[in-house]
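# Coordinates in review
Below, each chain spelled out in residue letters.
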Amino acid sequence: MSLLAISAIVLLIGVQNVEALTIAGGATSSLTADATDGVVTGGANSDYTRSAAGASPATYTVTSIDLDGDIIVTTPTSAANTIVNVSGNVNLSITSGTGTLQVINGATGSNDASTELDIGGTLDVAGATTITGSASSNAGAVVLLQVAGNATFTGAVEIDGNTGGAGADATLDFDGSDQTITFTAGLDIGDNTGDGHLTLTGAGAQTVVGVIDGNAASEGTITVTNTGSAAVIFEDNIGATATLQEIIIADSGSGVTFKGTVAVDNAGDDQAAIAVTNNMTVNFEKDVNLVAAANDQDNLTLGGSGAVVGLTGTSAQTFTGNISGGGILNVTNTAGATVSGDAGTTGT
């Protein structure tokens, strides 16, 4: 047998072993029990919906998703987790469909069901993206969208914490390396009883493009725990339309840079508006406005003697808020910087 014939047989065997799900145009693929979906594709206005049933959790294993339609990952009202693991890329386009991504925790009462969509590759969403917390009173009723590859959200993105009694959170997490995240129409983060979170937990460079606001004033938290040796960069304004509640910089090997304006209002909380820990370096290139906190909490706290906050812009800057802790305020802006508030140790 020729080498060409052998290669053809190997190729055929490989194709036969690939799981595939094709959704017809205008149709919905809806499941509530464990499944391996493999490569998922869909025609015009096709939808992919995954949930659980009763008290039985469901886990879905997916290779990739490419639809002209919507993805909906949710839990039922009962205590049944729904997890969708996508090892490759996810693409939602708009030709005839709406191209939305919805990750929803539907638990009610005291049920602790969690909803999770993990994407190991890239994510491209043409329509709106919503990450919605539950109405459950159980703190375990969380919702998570986690992405390891580059992500482009062309439509608006909204994160909303739950409305139940225990405060389960809604989180959008990026855990990749050399990762670019683009919010073309912006990101809004909302707090209810539970909080909304944007977290950067990667192990390499991460760049966030697009404006970020609270869903209303003093809502939403950004947390950076990147463990890599490259910088985390926010390219655009944060809190310019509606202030955030808190920014936490807990780790980042080469520091965090905010290239746009930053406004955080934690007046209703007993935490610092911005907390910098573990000897991290945080640079601001535009104005910073931190509203006074409750319980005499300072607006920006520096943990560790090696923590550095830099005012590094190239045009005049204003920093409004009190700074405390054992770190350093480092001003390198040659156009001048004004600090309105009490500051700790200052370097140049």
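The structure we're discussing is the one just above.
Residues numbered from 1 in each chain as written. Predicted model: local features only at pLDDT ≥ 70, side-chain atom pairs only at ≥ 80, totals over all residues. Heavy atoms only, no water.

### Quick look at the sheet that holds strand β30 (residues 317-320)
- Ordered in space as β24-β27-β30-β33, the 4 strands form an open sheet in which the pairing is parallel. Two strands lie at the open edges of the sheet, namely β24 (262-265) and β33 (337-340), each paired on one side alone. Taken pair by pair, the neighbouring strands of this sheet meet at an average axis angle of 10 degrees, ignoring direction.
- Two strands pair when backbone bridges link them, and β30 and β33 are joined in this way by 4 bridges, in the parallel orientation. Following the sheet pairing, phenylalanine 319 is matched in β33 by valine 339. (Pairing = 2+ DSSP bridges. Helix = DSSP H or I, 4+ residues; strand = E, 2+ residues; numbered from the N terminus. Axes fitted to C-alpha atoms, helices over the stretch in contact; angles between N-to-C directions.)

### Structural notes on the nonpolar core
- Grouped together as the largest cluster of nonpolar side chains are 70 residues, with contacts concentrated most on Tyr48, Phe234 and Phe284.
- It is strand β4 (residues 58-74) that contributes the most residues to this core, 7 residues altogether.
- Sequence-distant contacts of phenylalanine 284, defined by excluding residues within four places in its chain, comprise Phe258, Val262, Ile274, Leu300, Val309, Gly310, Leu311, Thr312, Gly313, Gln317 and Phe319. (Core = buried A, V, L, I, M, F, W, Y, C linked by side-chain atoms within 4.5 Å. Buried < 20%, exposed > 50% of the residue type's maximum accessible area, 1.4 Å probe, protein only. Contact = heavy atoms within 4.5 Å.)

### Focus: the environment of alanine 205
- Along the chain, the position of alanine 205 falls in the loop between β17 (196-200) and β18 (206-209).
- When the C-alpha positions of alanine 205 and glycine 255 are compared, they lie 10 Å apart, and in sequence the two are 50 residues distant.
- Residues within four places of alanine 205 in sequence aside, it is in contact with Ser177, Asp178, Gln179, Ala230 and Ala231.

### Quick word on unusual backbone geometry
- Backbone geometry places asparagine 45, a non-glycine residue, at a positive phi of 60 degrees.
- Within the element layout of this structure, asparagine 45 appears in strand β3 (residues 35-50).
- We classify asparagine 45 as partly exposed; its relative accessible area is 37%.
- Positive phi, normally seen in glycine, also occurs at serine 218, with a value near 60 degrees.

### Points about the side chain of aspartate 118
- Mapped onto the elements of the fold, aspartate 118 is located in strand β8 (residues 115-119).
- Buried within the structure, aspartate 118 lacks any salt-bridge partner; arginine 50 is the closest side chain of opposite charge, at an N-O distance of 15 Å.
- Other than its neighbours up to four places away in sequence, aspartate 118 contacts Val84, Asn85, Val86, Leu144 and Gln146. (Lys, Arg positive; Asp, Glu negative; His and termini not counted. Salt bridge = Lys/Arg side-chain N within 4 Å of Asp/Glu carboxyl O.)

### A word on the environment of alanine 107
- Structurally, alanine 107 is set in the loop between β7 (101-104) and β8.
- Placed 29 residues apart in sequence, alanine 107 and serine 136 show a C-alpha to C-alpha distance of 5.4 Å.
- Excluding residues that lie within four positions of it along the chain, alanine 107 makes contacts with Thr75, Pro76, Thr77, Ser78, Ala113, Ser134, Ala135, Ser136 and Ala141.

### Description of the pattern of salt bridges
- Summed over all chains, the structure comprises 1 salt bridge.
- For arginine 50, the salt bridge is made with aspartate 37, and the minimal N-O distance between the two is 3.2 Å. Across this residue pair, the class does not change: arginine 50 and aspartate 37 are buried.

### Some remarks on the pairing of strand β10 (residues 129-132)
- Covered by surrounding structure in β10 are Thr129 and Ile131 only, the residues Thr130 and Thr132 on the alternate face being uncovered.
- Here β7 runs beside β10; their pairing, made up of 4 bridges, is parallel. Of the residues in β10, the one forming a bridge with leucine 101 is threonine 129.
- Of the strand pairs in this sheet, β10 and strand β13 (residues 157-160) are connected by 4 bridges, and their pairing is parallel. In the sheet register, threonine 129 faces β13, and the bridge partner there is valine 157.

### Some points on the packing of aromatic side chains
- Under the counting rule described, the total for this entry stands at 6 aromatic pairs.
- Ring centres 6.3 Å apart and planes at 65 degrees place the aromatic pair phenylalanine 284 and phenylalanine 319 in the edge-to-face group. In this pair, phenylalanine 284 sits in strand β26 (residues 281-284) while phenylalanine 319 sits in strand β30, placing the two residues 35 residues apart along the sequence. (Phe/Tyr/Trp six-rings, centres within 6.5 Å; stacked < 30°, edge-to-face > 60°.)

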